[in-house]
Amino acid sequence: MALKITSRFRRLLQRPGSINLGPYERLSQLVLEAEETVEPLTDEELTESVSELRTTGGLHEDEQIEFLALARDAARRTLGESAFDGQIVGALAMMQGRVVEMATGEGKTLAGAFAAAGYAVGGRRVHVLAVNDYLARRDAEWMAPVYELLGVTVSHVGQASTPEERRTAYQAEVCYVPVSEVGFDVLRDRLVNDVSERVTAEPDVALVDEADSVLIDEARVPLVLAGATRTEELDDDVVQIVRTLRAGVDYEIDGDGRTVALTDRGTDKVEKLLGERAAEVAAADKAAAADAADETPVDDTVADDTADAEATDAEATDAEETTGADDEAEVEAPSVNLYDDENLDRLTQINVALHAEVLLRKDVDYLVRDGKVSLINNNRGRIAKLQRWPDGLQAAVEAKEAVPVSDSGEVLDSITVQALIKGYKSLCGMTGTAVVVGESLQEFYDVEVAVVPPNKPNIRKDAEDRLYLTVEQKNVALVEHIAEVHETGRPILIGTHSVEESEQLSDRLEAAGIPHVVLNAKNDAEEAAIIAEAGVPGTVTVSTQMAGRGTDIRLGGKDESHDKDKAIELGGLYVIGTGLHASRRLDDQLRGRAGRQGDPGGSLFFASLGDELVVRYSVSSGLRPHPDETGRLNDRKSVGMLDHAQRVADGANAELHRTTWQYHRLTGQQRSILLDTREKVLTEDLAATELSERVKEKYDELVEEHGEDKVKDAARRIALHHLDRRWTDHLAFLADLREGIHLRSLAGGIVHMKPIDEFNKSAIASFDTLIADAWKDAAETFAEASITDSGLDEAASGVPRPTATWTYLVNDNPFGTEADRILGRLRNAIRPQSGAEPEEILPEEFDEDDLPEELRDADDLPEELREADDEDDDKGSKK
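Every chain is numbered independently, its residues counted from 1 as its sequence is written. Given that this is a predicted model, residues contribute local features only at a pLDDT of at least 70 and side-chain atom pairs are listed and counted only at 80 or more, while totals for whole chains, interfaces and linings are drawn from all residues. Hydrogen atoms and water are omitted, and side-chain values are computed over all heavy atoms in the structure.

## Focus: the overall build of the protein
Item 1. Each helix and strand in the protein was counted, giving 33 helices and 25 strands.
Item 2. Think of it in three bands: residues with accessible area under 20% of the maximum for their type are buried, residues over 50% are exposed, and the middle band is partly exposed, with areas taken using a 1.4 Å probe on protein chains only. Residues classed as buried in the protein amount to 53% of the 879 residues present.
Item 3. Counting contacts in the protein only where the partners sit at least 6 residues apart, residues at least 24 apart contribute 76% of the total.
Item 4. All accessible-area figures derive from a Shrake-Rupley calculation using a 1.4 Å probe, and residue coverage is judged against the displayed protein chains alone. As displayed, the protein has an accessible area near 39,000 Å², and 47% of this comes from carbon and sulfur atoms. The helix and strand labels rest on DSSP assignments: H or I over at least four residues marks a helix, E over at least two residues marks a strand, and numbering proceeds from the N terminus. We call two residues contacting when some pair of their heavy atoms lies within 4.5 Å.

Shown next as structure tokens:
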């Protein structure tokens, strides 16, 4: 009743989540009535009845009722599950293009299967877009018996799927596939040289599982396809030099924690060390040359040279030790200028090595496993297979970790999740938390949210967040609380934010004698087995990014046979969060793992003023923290700051999504224009027509020698190469343009120049002649091409294809928002710049004089705030 009242109130205010479920609820009752006529049918008769409903124009209302009655009975026969009314309502809403919010454990997977099959019977091809491989495979295999009985073909695609397996899978009526995989397949298909190489089918219906995660969280970063160009091994000297640099002295990290740059002192130090190293190498080369020229015992000259070289080594070592030991010592004039043209490659290596050393953290941003560096997808807590960093950064991280360096590459193409989704004719989806992102779903995808009430009331007890002054105090209290609850035997699920955090907590639990299991990116293959037992009494499960795993946890284990009654008696699954997420929505997803389908459950989140969320998204203004003896804070202002930080973080993420879309909208339009030309080259004789006109004599000569088919094929491949080459160069230009476009707004004087407008002007100018230039390049290549009876020799003709491709996700807001920069300036006024600090957003109210004065009453401040306080004291003493 409360949910219905809330829904009506939201409709009155025209707020997202206001879809009226009344029509769907009436239809669901008709479905239940129609099922009475379905039950007597044999399996063959049921399949035949579905076949009779098949059409190419979509199912009408009466047909939807009949189909869902058949589908509900098919699920009962094959899975032993009778769909709830809410599942039928959810399926109806999705079949009419809505995003459905259903609580965890309410059967979204089955409701989604009903909707997908309904679209398929109506003549549509459906992609069920999942957040990861595991869920795509699990749901496809789980629902396969239902689809089979309904006569609908189903398949799934994963990271390990071969091109042929993908091609076959995409032809099924319903294909379960991670959103990133279908995006990367689309990018690869854009670069094929023959139609037969394509794997995807024309996009039709996208049914998005975990819709808020896919459509909102995943949409903040573009999907990128890169091609191998060369092995870019980082100079070992660069790696060693970077490791001697000191934060706040030799380099500084910007306020948002995303970029790092050498100071003038750091530049001098690097140039000096490079010069010394060059002298060492020169001396060693000279000695080696002398040894090679004369195999007799070394003469006095060589001995002197060797002595000089050794002296140089000693001096270099002394100089480095002196530089490292005495911060105040003056650095001598450099012998190498990093900014000379011949040293620019070395400068680039220094910069990427510094980025890898300082900003990228092992077990947080990446893992080292089996002698390779593997990226971690932070949204999913899993290894991002076949994904790498661009622009030499991968090589820098590999050098940092002393593992073999892989090929470097260049960006061949990219696409945003939003652009990918908008390529589908119809969109619907399901998730446990949609209303809170309803405005974003309407803004970016023009889709509405329908909230389906749970089959049974939610009786989970959610405790108020516990806030502590420091991270250490929080961790001590966290372990103590886990031990206290574990003594009762109640099953516990602990959600952490990173692999590093999960392992640190595991060490603490082990020291406290608490048996537990850990689920993170290092053992994600064991996910099903670990999660299946998380509801068994006495079990303590530590999981990274549990909010994105989409897995149902049953009390008593997977088959509910391991003391389910005891688990209920103890209060059900107890969810503990080690820190708040950047969005309350993600916290709600974690909480939702407990209390499924009316089961008891509970949740509690721990936080501290030193947590990344608080440090990044709040300036802690106006606080008077008076913790108790455990370090816990209970005052309203401190606790309220957590909610404020999450609201600021949500705003920042929405702005990042908006920025990503703004900067890729024009690029997407330009790509469409290019793709039209490329499609004609690929499927028609446009290349032959163009090149026969531009280099007629050469064309006719080759036709006479090798036949028209061979020449047409060569012309097509050459034209495709140059269209792709020009596009790759255009993307590189746009990437460089994005890095500095915001500076134009600072140079505009009285007239404020918007970065996006300046970006679009330059992008349009760059693209204007792209296709014409590609044809010009193709004509020049064709005139000199090596064509034989076997066809075009691509390597000899200068049009080789990439030897390998890989994919990655990139952060697409390199310079931040205007709010980022404002808050960064305010934070600079009250805290030092020597440490890495994440992105900042301006709160609604801020008085930069408040924080230091009002925090002095606290006996035990977090390090981040203590530094700010001490610095303010120093400033006051100097006045």
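## Considerations on the sheet that holds strand E14 (residues 449–451)
Item 1. Only strands that DSSP links by at least two bridges are regarded as paired with each other. Taken in spatial order, the seven strands line up as E3-E4-E2-E5-E13-E1-E14 in an open sheet, and their pairing is parallel. The sheet terminates laterally at strand E3 (154–156) and E14, the two strands that pair on one side only. Taking each pair of neighbouring strands and ignoring which way they run, the sheet shows an average axis angle of 20°.
Item 2. Direction of pairing for strand E5 (residues 205–209) relative to strand E13 (residues 426–431): parallel, over a ladder of five bridges. Residue Val 208 lies in a different strand from E13, and its bridge partner there is Gly 429.
Item 3. Note on method: axes are straight lines fitted to C-alpha atoms, helices fitted across the in-contact stretch only, with angles between N-to-C directions ranging 0 to 180 degrees. In the packing of helix H8 (residues 163–170) onto the sheet, contacts are made with strand E2 (126–130), E3 and strand E4 (174–178), and the angle to E4 comes to roughly 135°.
Item 4. Running over the sheet, helix H9 (residues 179–189) touches E2 and E4 and is turned about 95° from E4.

## Focus on a negative patch on the surface
Item 1. Like-charged residues are merged into a patch within 9 Å and nonpolar side chains (Val, Leu, Ile, Met, Phe, Trp, Tyr) within 5 Å, provided each residue has over 30% relative accessible area and no salt bridge. Should a side-chain nitrogen of Lys or Arg be within 4 Å of a carboxyl oxygen of Asp or Glu, the pair is scored as a salt bridge. Under this rule, positive means Lys or Arg and negative means Asp or Glu; His and the chain ends count for nothing. A charged residue contributes its charge at one atom only: NZ of Lys, CZ of Arg, CG of Asp or CD of Glu. On the surface, Glu 697, Glu 701, Glu 704, Glu 705 and Asp 789 cluster together into a negatively charged patch.
Item 2. Position of Asp 789 relative to the elements: it lies in the loop between strand E23 (787–788) and strand E24 (791–792).
Item 3. The exposure class of Asp 789 is exposed, given its relative accessible area of 55%.

## What to know about the packing of aromatic side chains
Item 1. Between rings of Phe, Tyr and Trp, where Trp is taken as its six-membered ring, a pair exists when centres lie within 6.5 Å; planes separated by under 30 degrees are stacked, by over 60 edge-to-face, and by other angles tilted. With the rule as written, the count across this model stands at five aromatic pairs.
Item 2. With 6.3 Å between their ring centres and 75° between their planes, Tyr 147 and Tyr 176 make a pair best called edge-to-face. You can see Tyr 147 sitting in helix H7 (residues 133–150) and its partner Tyr 176 sitting in strand E4, a full 29 residues away along the chain.
Item 3. Take Tyr 147: its relative accessible area is 1%, and that puts it in the buried class.
Item 4. For Tyr 176, a relative accessible area of 3% puts it in the buried group.
Item 5. Centre to centre, the rings of Tyr 663 and Phe 759 are 4.9 Å apart; their planes meet at 70°, and the pair counts as edge-to-face. Of the two residues, Tyr 663 is situated in helix H24 (residues 636–683) and Phe 759 in helix H29 (residues 755–767); the sequence distance between them amounts to 96 residues.

It is worth stressing that arrangement in space is one thing and function is another; only the former is reported here.
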